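Structural overview
Residue-level listing of the chains:
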Amino acid sequence: MTHDDGLARQLAASDQHTDPAIAAGYDSAAGAAFTREQIQRTADVLTELADGGPAVEFAIGTGRIALPLTARGVTVSGMDISERMLAELRSKPGADAIDTIVGDMTSTVMRGDASLVYLVYNTIGNLRTQAQQVACFRNAAAHLRPGGRFVIETGVPKLHQLPPGQTIRPFAWTDDHLGFDEYVDSVGQILVSHHYRFDGDRVDRITGAFRYVWPSELDLMAQLAEMEFESRWADWDRSEFTADSPSHVSVWRLT
């Protein structure tokens with residue numbers, strides 16, 4: 001198999017979150033984004049940005065953020081491409097307060113009067129072309145009332161950390177998890193994320209292709225969707241975003 005054949009297979013593969021095993025184990029995955037403290041900080045900021053109005057979550061998943069947001073009094077609707085992820089959400093206490101639908105965040109519209117649309121935890125990268133990512137911004141705009149906000153949390157591409165001639169960057173190495181990103185297409189801005197999780201003699205492998213995107217490119221996408229830039233932080237603590245920040249939380253408003 002050639003490199004191009006392998007890349008084509010990765011790009012044609014279904015989103016890994018449609019896998020029942022991944023959906024069932026999603027909430028137990030390790031990482032700072034899944035700690036109770038981080039979830040609470042995220043929900044606090046989103047509640048403030050919703051400003052008393054309804055919110056829509058793109059790729060709502062298992063409700064990791066939507067449920068605590070609802071508990072804070074925010075009316076939340078959400079879509080996800082994975083029925084398996086939504087089934088996990090619907091099994092949880094409080095889920096009956098959330099309107100959910102199997103849908104595509106590039107085209108499915110749930111309402112047109114939201115004060116907040118949000119997309120967290122690098123999920124913009126699940127859209128593997130620039131055109132799809134632009135469509136996501138336009139769909140967010142279709143959900144928002146004038147002045148409403150669109151929020152994205154995602155990582156900053158790490159190409160500058162690659163040694164010359166190398167394409168692989170490790171990001172996790174613990175007793176139970178090995179993770180590395182493989183930058184396979186610098187033209188299409190595609191990386192393949194590899195995860196190996198260890199449980200005794202058992203090894204589970206998860207691999208998925210994503211389109212990485214720069215903050216400035218997201219700002220241009222927002223302009224194409226008639227939004228204007230409002231804020232960018234390094235994290236949900238609203239730390240200053242700098243050239244060294246590994247990720248960002250960005251906010252745009254519909255004009």
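Above this note sits the structure.
Report on the accompanying structure. What you are looking at is a predicted structure, and each value in this text was computed from that prediction instead of being measured.

Consider a sheet: its strands pair through backbone hydrogen bonds, and that pairing is either parallel or antiparallel. Taken together, the seven strands give an open sheet; going across it, the order is β3-β2-β1-β4-β5-β11-β10, and neighbouring strands pair in mixed fashion. Single-partner strands in this sheet number two, and they are β3 (99–102) and β10 (227–233). Direction aside, the axes of adjacent strands within the sheet are offset by 20 degrees on average. Bridge count between strand β1 (residues 55–58) and strand β2 (residues 76–80): four bridges; the pairing is parallel. Note on β2: the bridge partner recorded for Phe-58 is Met-79. Across the sheet, helix α3 (residues 36–50) touches β4 (114–119), β5 (144–155), β10 and β11 (247–254), and the angle it forms with β4 is around 150 degrees.

Across all of its chains, the model carries seven aromatic pairs by this definition. Judged by centre distance (5.0 Å) and plane angle (85 degrees), the ring pair of Phe-137 and Phe-150 falls under edge-to-face. Pair noted here: Phe-137 is in helix α6 (residues 130–143) and Phe-150 is in strand β5, with a separation of 13 residues, a long-range link. The same class applies to Phe-137 as to Phe-150, namely buried. Among the aromatic residues, ring-to-ring pairing joins Phe-58, Phe-137, Phe-150 and Trp-252 into one connected group.

Before going further, it helps to spend a moment on the side chain of Thr-154. Relative to the helices and strands, Thr-154 is located in strand β5. Beyond its immediate sequence surroundings of up to four residues, Thr-154 is in contact with Asn-122, Ile-124, Leu-218, Ser-247 and His-248.

The phi angle at Asp-51 is positive, at roughly 55 degrees, despite the residue not being glycine. With respect to the helices and strands, the residue Asp-51 is situated in the loop between α3 and β1. Taking relative accessible area as the criterion, Asp-51 reaches 63% and is therefore assigned exposed. Within the chain, Tyr-121 stands out as a residue other than glycine whose phi angle is a positive 55 degrees. Considering the arrangement of structural elements, one finds Tyr-121 in the loop between β4 and α6. The class of Tyr-121 is partly exposed, set by a relative accessible area of 29%.

Another point: a nonpolar patch on the surface. A cluster of nonpolar residues, Trp-173, Leu-178, Phe-198 and Val-203, forms a patch on the protein surface that exposes about 400 Å² of accessible area. Structurally, the position occupied by Leu-178 is in strand β7 (residues 177–185). Classification of Leu-178 as partly exposed rests on a relative accessible area of 32%.

Right, let's talk about helix α7 (residues 215–224) for a bit. Buried within α7 we find Pro-215, Glu-217, Leu-218, Asp-219, Met-221 and Ala-222. The inward-facing, buried residues of α7 abut α6, β5, β9 (202–211), β10 and β11. Following α7 by one or two positions, Glu-226 has its phi on the positive side, about 65 degrees.

Turning our eyes to something else, we now look at the sheet that holds strand β6 (residues 168–173). One open sheet accounts for four strands, arranged β6-β7-β8-β9; its pairing is antiparallel. Where the open sheet ends on each side, the last strands, each with one partner, are β6 and β9. Across the sheet, the mean angle separating the axes of adjacent strands is 15 degrees when strand polarity is ignored. Sheet analysis places β7 next to strand β8 (residues 190–199), joined by eight bridges and oriented antiparallel. Residue Phe-180 lies in a different strand from β8, and its bridge partner there is His-194.

Burial analysis of β2 places five of its five residues in the buried class, the great majority of the element. Taking every second residue as pointing to the same face, both faces of β2 are buried, with Val-76, Gly-78 and Asp-80 on one and Ser-77 and Met-79 on the other. Once you follow β1 into helix α4 (residues 66–71) and on to β2, the crossover reads as right-handed. Across four bridges, β2 lies against β3 in parallel orientation. For Gly-78, the partnering residue across the bridge sits in β3 and is Thr-100. Crossover β2 to β3 through helix α5 (residues 83–90) is right-handed.

What counts and what doesn't
Within every chain, residues take consecutive numbers counted from 1 along the sequence as written. Side-chain atom pairs in this predicted model are given and counted only at pLDDT of 80 or more, local residue features only at pLDDT of at least 70, and totals for whole chains, interfaces and linings cover all residues. Side-chain descriptors were evaluated using all non-hydrogen atoms of the structure, hydrogens and water having been removed beforehand. Here the rule is simple: two strands pair whenever DSSP picks up at least two bridges between them. Helix and strand assignments come from DSSP, with helices taken as H or I runs of at least 4 residues and strands as E runs of at least 2, each series counted from the N terminus. All axes here are fitted lines through C-alpha atoms, helices being fitted over the stretch that makes contact, and every angle between N-to-C directions spans 0 to 180 degrees. Whether two residues are in contact is decided by their heavy atoms: any pair within 4.5 Å suffices. The criterion for an aromatic pair is that two Phe, Tyr or Trp rings (for Trp, the six-membered ring) have centres within 6.5 Å, with stacked assigned to planes under 30 degrees apart, edge-to-face to planes over 60 apart and tilted to the rest. Buried means the residue's accessible area, taken with a 1.4 Å probe over protein chains only, is under 20% of the maximum for its type, while exposed means over 50%, and partly exposed covers the values in between. Surface patches are defined over residues having more than 30% relative accessible area and no salt bridge, joining like charges when they lie within 9 Å and nonpolar side chains (Val, Leu, Ile, Met, Phe, Trp, Tyr) when within 5 Å. The accessible surface values rely on the Shrake-Rupley method and a 1.4 Å probe; as for residues, cover is taken only from the protein chains in view. Any Lys or Arg side-chain nitrogen found within 4 Å of a carboxyl oxygen on Asp or Glu counts as a salt bridge. Handedness of a crossover: with both strands directed away from the viewer, a clockwise path from the first strand across the helix to the second marks it as right-handed.

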